[in-house]
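Letter by letter, the chains look like this.
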Amino acid sequence: MSGAPDTKNGSEVPSGVVREALAVLSLAVARARQALLWESVWPVLVAVLSLAGIFLSLSWAGLWISLPPYGRIAGSVFFALLLIAVLIPTIRIRIPGLREGVTRLDRNNAATHRPATALTDKLATKSEDPMAAALWRAHLARTAEAAKNLRAGMPRPRLALRDPFAFRALILLAVVATYFIADADGTRRVAAAFDWTGALTPRLYRVDAWITPPLYTARAPVLLAGIRHDEAAPGEVAQVSVPAGSILIVRGTNLAALDLVIDGKLQEEPNEKPDATKTGAEKTGIERHFRILEDASITVKGLPVGEAKWSFRAIADQPPTIQLAKDPEIAGRGALHLAYGISDDYGVTAAEAQFERVMPLDPNASSLTPRPLVPAPNFALVLPQARTKSGVGQTTKDLTEHPWAGATVTMTLIARDEGGNEGKSEPRQLTIPQRSFQKPLARVLIEQRRELAFDANARGRVQAALDALMIAPERFTPEANVYLGLRTASTRLRIARTDDDLRGVIDYLWEVAVLIEDGTLSDVERDLRAAENALRQALERNASDEEIKKLMDQLRAALDRYMQALAEQLRNNNNPDLQRPDPNARVVRPQDLKNMLDRIERMAKNGNRQEAQRLLDQLQSLMENLQKNRRAGPQQNQENPLDRLGRMIQEQQRLRDRTFRQGQDNRRQQQQGEGQKKNGQNQMGQLKQGQGDLRQQLEKMLEQLRKRQQQNGPNQDGPGNDSADALDKAEQAMRDAENQLGQGDADGAADSQGRALSQLRRGAQAMADAMQQRGPGDGPGDPEGPEAEEADRTDPLGRPVRSREFGDDFTVKVPDEIDAQRARRVLEELRRRLSEPTRPQLELDYLDRLLRDY
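Residues numbered from 1 in each chain as written. Predicted model: local features only at pLDDT ≥ 70, side-chain atom pairs only at ≥ 80, totals over all residues. Heavy atoms only, no water.

Draft legend 1. Representation of the overall build of the protein in the model. The number of helices and strands found in the protein is 28 helices and 17 strands. The buried share of the protein, taken over its 854 residues, is 38%. Here the contacts in the protein between residues at least 6 apart in sequence split such that 74% fall between residues at least 24 apart. Just so you have it, the protein exposes about 49,200 Å², and 52% of that area is on carbon and sulfur atoms. (Helix = DSSP H or I, 4+ residues; strand = E, 2+ residues; numbered from the N terminus. Buried < 20%, exposed > 50% of the residue type's maximum accessible area, 1.4 Å probe, protein only. Contact = heavy atoms within 4.5 Å. Areas by Shrake-Rupley, 256 points an atom, 1.4 Å probe, with all protein chains shown as cover.)

Printed below as a string of structure tokens:
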């Protein structure tokens with residue numbers, strides 16, 4: 001069959017329109033033949049894809065891993081037969097010819113006279129009749145115009161006739177759903193259909209399981225009863241108690257898949273050894289990891305020898321506990337000393353002290369929200385061991401230079417374990433220790449520094465205070481350097497633009513106050529303290545011997561500069577009492593300090609870091625005593641209790657006057673508005689707080705008097721008889737006044753305060769009479785007398801000294817050189833063994849932990 005008219009019968013060659021129509025017709029015929037081929041192939045292809053979808057959905061649903069080997073063989077053979085049956089219709093598929101393509105074009109188009117077939121026809125006769133030729137050409141031209149619009153159309157495989165219920169859509173939905181159910185286990189579940197090991201050949205397999213507790217628990221792994229090919233499965237195993245967060249590892253050897261049924265909360269973890277699932281299952285097996293979060297169980301199914309079920313009881317990690325072992329104390333130069341008890345089931349790894357400021361009740365305070373410039377002085381606490389399960393720790397932190405020093409805060413101790421749990425102590429209200437400044441100008445600068453640190457909005461008040469301090473400098477600040485410091489601080493505060501600028505002013509105010517108080521000695525004292533802290537931190541982190549030697553040299557140099565500055569200050573001081581040595585004072589020679597530094601360095605080099613830290617603490621205590629004696633003078637060792645009682649009487653009188661006036665104001669304001677009533681309640685709260693603070697001072701004083709009376713003996717007369725009875729009654733009256741102020745009864749509180757004031761005066765009179773009867777030198781404020789002489793029988797480090805009357809005192813245990821050398825030899829042997837790579841890795845890890853924890 002030709003695609004163009006035949007010209008051998010005498011007719012002319014077709015025109016260009018006919019040739020163009022023939023080209024379009026040839027493309028349309030080709031597309032029609034392709035559509036016919038697709039209509040024959042597509043039903044078979046859909047059947048094959050549907051069968052594959054059914055196979056995948058069943059595989060991903062876990063059919064094969066739950067069947068025994070013979071069941072897998074039967075299922076595989078069944079699907080193979082179905083595949084053959086589906087592929088049988090492909091035998092009848094053939095490529096459509098030209099006539100089928102032309103017929104499809106005429107059938108799919110609505111044009112009359114079948115233009116595709118007519119265009120391919122040829123003239124039946126060979127007549128030379130020009131009329132017949134003209135008619136033929138006209139017929140071809142008209143047919144060519146109609147053939148230009150012929151289209152093959154889209155294939156119509158008519159799947160709806162073969163699948164009227166659209167099961168193919170359900171199969172697609174099942175494939176998508178089971179794919180997400182199988183997740184990463186999909187490939188292994190499909191491969192399980194062809195795992196016929198055990199049916200054709202004997203299979204040597206085993207399933208092992210064990211539990212690895214978290215490292216911080218220091219508990220050994222737990223091995224569970226496994227499954228072997230030649231033994232019956234253990235069935236349900238007794239419940240195992242493990243720490244929460246433990247890792248359960250299930251490993252199958254010579255198995256292509258593991259059918260695990262989980263009951264409870266087991267979180268599957270990624271396998272740390274992915275190669276175990278990438279290589280052949282028969283050689284490497286399968287390994288799956290699960291994290292045990294709560295009580296749960298897991299069952300292994302699908303094995304010929306039976307099932308195994310393991311149950312777990314998750315023991316939750318309890319949060320650590322931390323509490324103060326005793327009240328916070330002030331140590332040395334105003335450092336805060338904390339003693340606290342810590343406990344945890346697996347060990348505390350970190351602890352810290354957090355502070356929160358207690359806002360005072362000030363009716364004249366600004367309405368603006370305070371904007372603090374300096375954060376709270378939170379600091380880390382020292383643990384008794386690296387991982388403390390139970391123990392008492394102590395931490396001494398010097399916060400005297402911090403802007404929060406002197407503020408009333410709420411302290412909370414926080415302990416944390418490696419499991420992320422956190423325990424808190426009961427909040428404790430205290431006042432952060434601050435440095436005692438003797439000169440009024442220095443004290444004022446420290447107060448303004450604290451106010452600016454707590455609220456950046458207070459810069460206006462601080463600016464006014466600094467300007468007021470510079471009034472009449474020739475009278476109040478005759479020293480040029482002091483006046484220059486005040487002027488510089490005022491100028492820096494005035495031009496400050498950012499919070500960092502204001503923080504710079506806060507630091508500068510501290511420097512000016514210390515310069516006013518100590519002069520040039522403060523610089524060398526700061527260097528000495530920095531050198532001590534650097535050496536202490538190096539000892540705590542087990543620094544190298546080279547670093548320890550370098551820090552020791554820096555400490556020696558700083559100590560020499562401090563002693564030289566101290567001697568120069570004493571020479572320049574005009575006070576003859578300070579220049580004349582106290583006959584009762586303990587003398588510290590430069591050789592004593594040198595020997596102590598040498599012992600610290602020797603102990604650190606020998607590996608006895610704890611003894612070195614103890615000696616460093618003694619050195620710090622010695623320097624603090626030197627500084628305290630320098631500031632106080634030889635005759636100001638401690639305050640007389642009678643003077644303290646006199647100040648309490650004055651404070652109680654002021655509180656009583658304020659309470660009386662507040663009672664009058666309350667009676668006048670009974671008919672006034674709510675705002676006035678709230679103001680009165682605030683005033684009563686301040687009075688109650690003041691009364692409570694005064695009562696606590698009296699309680700501490702009574703406790704000291706009772707301790708002194710016990711030391712003197714029960715038959716000795718002292719301030720603990722008549723005066724103590726009167727002070728007890730005063731304390732009870734103060735407690736009554738505090739309760740009445742809390743209830744808003746100002747009149748009743750004033751009466752109770754009057755009784756407290758009367759008892760305070762009676763107790764002071766009894767104490768003065770008792771001190772007068774004992775004579776000078778025996779008072780509670782004097783360090784003289786035989787008891788004080790006994791207490792002074794110590795060296796500058798606070799240790800007992802040799803005595804001709806009582807002999808040597810051996811209460812202080814000092815390690816001898818033999819112990820230190822033995823410790824050093826042990827450390828050298830441990831380091832030598834650690835440097836040998838041929839030793840087992842387990843031993844090397846153990847040696848590394850020993851040296852790291854030392």
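Draft legend 2. Representation of unusual backbone geometry in the model. In this structure, aspartate 183 is a non-glycine residue whose phi angle is positive, near 55 degrees. Assignment of secondary structure puts aspartate 183 in the loop between α8 (167–182) and α9 (186–191). Unusually for a residue other than glycine, alanine 218 sits at a positive phi of about 60 degrees.

Draft legend 3. Here's a closer look at the nonpolar core. Leu338, Phe355, Leu381 and Leu445 are the most contacted members of the largest nonpolar core, which totals 52 residues. For this core, the secondary-structure elements that each account for two or more residues are β12 (335–357), β15 (408–417), α12 (440–454), α13 (459–469), α15 (480–495) and α16 (499–518). The element that contributes the greatest number of residues to this core is α16, accounting for ten residues. Among residues more than four places away in sequence, those in contact with leucine 381 are Ile322, Leu338, Tyr340, Ala351, Glu352, Ala353, Thr395 and Leu413. (Core = buried A, V, L, I, M, F, W, Y, C linked by side-chain atoms within 4.5 Å.)

Draft legend 4. Main features of the side chain of glutamine 463. Note on placement: glutamine 463 falls in helix α13. Taking the relative accessible area as the measure of exposure, glutamine 463 reaches 12% and is therefore buried.

Draft legend 5. The packing of aromatic side chains, seen in detail. If you walk through the whole model with that rule in mind, you get eleven aromatic pairs. With centroids separated by 6.1 Å and ring planes inclined at 40 degrees, the aromatic side chains of phenylalanine 55 and phenylalanine 194 adopt a geometry described as tilted. Taken as a pair, phenylalanine 55 in helix α1 (residues 16–60) and phenylalanine 194 in the loop between α9 and β1 (206–212) lie far apart in primary sequence, 139 residues in all. Classification of phenylalanine 55 by relative accessible area gives buried; the value is 14%. (Phe/Tyr/Trp six-rings, centres within 6.5 Å; stacked < 30°, edge-to-face > 60°.)

Draft legend 6. Molecular detail of the pattern of salt bridges. Here the structure, examined in full by the defined rule, presents 27 salt bridges. With a closest N to O distance of 2.7 Å, aspartate 499 and arginine 371 form a salt bridge. Linking aspartate 499 in helix α16 with arginine 371 in the loop between β12 and β13 (379–380), this pair joins segments that are 128 residues apart in sequence. According to the relative accessible area criterion, aspartate 499 is partly exposed, its value standing at 27%. With a closest N to O distance of 2.7 Å, arginine 695 and glutamate 699 form a salt bridge. Placement of the pair is arginine 695 and glutamate 699 together in helix α23 (residues 674–712), with a separation of four residues, close to one helical turn. Using a relative accessible area of 28% as the deciding quantity, one classes glutamate 699 as partly exposed. When salt bridges with common partners are traced through the structure, they connect Lys549, Asp553, Arg556, Lys594, Asp598 and Glu601 into a single cluster. (Salt bridge = Lys/Arg side-chain N within 4 Å of Asp/Glu carboxyl O.)

Draft legend 7. Spatial organisation of the pairing of β15. Extensive coverage of β15 is indicated by the burial of seven of its ten residues. Relative to β15, β12 runs antiparallel, the two being bridged by nine bridges. What sits directly across from phenylalanine 355, in β15, is methionine 411. Sheet topology note: the β15/strand β16 (residues 422–424) ladder contains three bridges and is antiparallel. Counted as the bridge partner of arginine 416 is glutamate 422 from β16. (Pairing = 2+ DSSP bridges.)

Draft legend 8. Structural context of α15. In a regular helix each residue adds 1.5 Å, so 16 residues correspond to 22 Å; α15 covers 23 Å between its end C-alpha atoms and thus fits that length. Within α15, the full set of buried residues consists of Val482, Gly485, Leu486, Ala489, Ser490 and Leu493. Taken down its axis, α15 places every buried residue within 130 degrees of arc, on the same side. More than 90 degrees from the buried face of α15, the exposed residues found are Ala480, Leu484 and Ile495. Check the buried side of α15 and you find it contacts α12, α13 and α16. (Expected span 1.5 Å × (residues − 1). Arc of directions from axis to C-beta.)

Draft legend 9. Local environment of the packing of α15 against α16. Axis separation between α15 and α16 bottoms out at 10 Å; the angle between their running directions is 170 degrees. With respect to α16, the element α15 is oriented roughly antiparallel. In this structure, α15 uses Asn481, Val482, Gly485, Thr488, Ala489, Arg492 and Leu493 to contact α16, whose residues at the interface are Leu502, Gly504, Val505, Tyr508, Leu509, Val512, Leu515 and Ile516. A class-by-class count of the residues in the contact of α15 with α16 yields ten nonpolar, four polar and one charged. (Axes fitted to C-alpha atoms, helices over the stretch in contact; angles between N-to-C directions. Parallel < 35°, antiparallel > 145°, perpendicular 65-115°, else oblique. Nonpolar A, V, L, I, M, F, W, Y, C, P; charged D, E, K, R; others polar.)

Draft legend 10. The arrangement of the environment of tyrosine 483 in detail. Summarising the element assignment, tyrosine 483 is placed in helix α15. Sequence spacing of tyrosine 483 and proline 473 is ten residues, and the spatial spacing of their C-alpha atoms is 6.9 Å. If near-sequence neighbours (up to four positions away) are discounted, tyrosine 483 is found in contact with Met470, Pro473 and Thr477.

Draft legend 11. A look at the environment of alanine 218. Relative to the helices and strands, alanine 218 is located in the loop between β1 and β2 (222–223). Using a relative accessible area of 70% as the deciding quantity, one classes alanine 218 as exposed. Separated by 128 residues in sequence, alanine 218 and tyrosine 346 place their C-alpha atoms 7.8 Å apart.

Draft legend 12. Molecular detail of a nonpolar patch on the surface. A cluster of nonpolar side chains, namely Val77, Leu81, Ile84, Ile88 and Ile91, defines an oily patch on the protein surface of about 510 Å² accessible area. By the element assignment, isoleucine 88 lies in the loop between α3 (69–87) and α4 (98–108). For isoleucine 88, a relative accessible area of 44% translates into the label partly exposed. (Patch = residues over 30% accessible without salt bridge, like charges linked within 9 Å, V, L, I, M, F, W, Y side chains within 5 Å.)

Draft legend 13. Here's a closer look at α8. Look at α8: 22 Å from first C-alpha to last across 16 residues, which is about the 22 Å you get at 1.5 Å a residue. Every buried residue of α8 is listed here: Ile171, Val175, Thr178 and Ala182. Seen along its axis, α8 keeps its buried residues to an arc of 85 degrees; they face one direction. Across α8 from its buried face, at more than 90 degrees, point the exposed residues Leu170, Leu172, Leu173 and Phe180. With its phi angle positive at about 55 degrees, aspartate 183 sits one or two positions after the end of α8.

Draft legend 14. Representation of the packing of α12 against α13. Between α12 and α13, whose axes approach to 9 Å, the crossing angle comes to 165 degrees. With respect to their mutual orientation, α12 and α13 come out roughly antiparallel. The two elements α12 and α13 cross, and the hand of that crossing is left-handed. On the side of α12, the interface is formed by Leu441, Val444, Leu445, Gln448, Glu451 and Leu452, while α13 contributes Arg459, Arg461, Val462, Ala465, Leu466 and Leu469. (Left-handed = near helix turned anticlockwise from the far one by under 90°.)

Draft legend 15. Just the environment of alanine 339, in detail. In this fold, alanine 339 is placed in strand β12. A residue is classified by how much of its surface remains accessible, and alanine 339, at 5% relative accessible area, is buried. Sequence-distant contacts of alanine 339, defined by excluding residues within four places in its chain, comprise Leu324, Ala325, Lys326, Gly393 and Gln394.

Draft legend 16. Here's a closer look at the confidence of the model for the protein. The predicted model of the protein averages 75 in pLDDT, with 72% of residues at 70 or higher. Predicted confidence is poor over residues 275–283, with pLDDT under 50, and the contacts of this stretch with residues over four places away or in other chains come to eleven contacts. For residues 775–818, every residue scores under 50 in pLDDT, and the model assigns this stretch 50 contacts once sequence neighbours within four places are set aside. (pLDDT = per-residue confidence, 0-100.)

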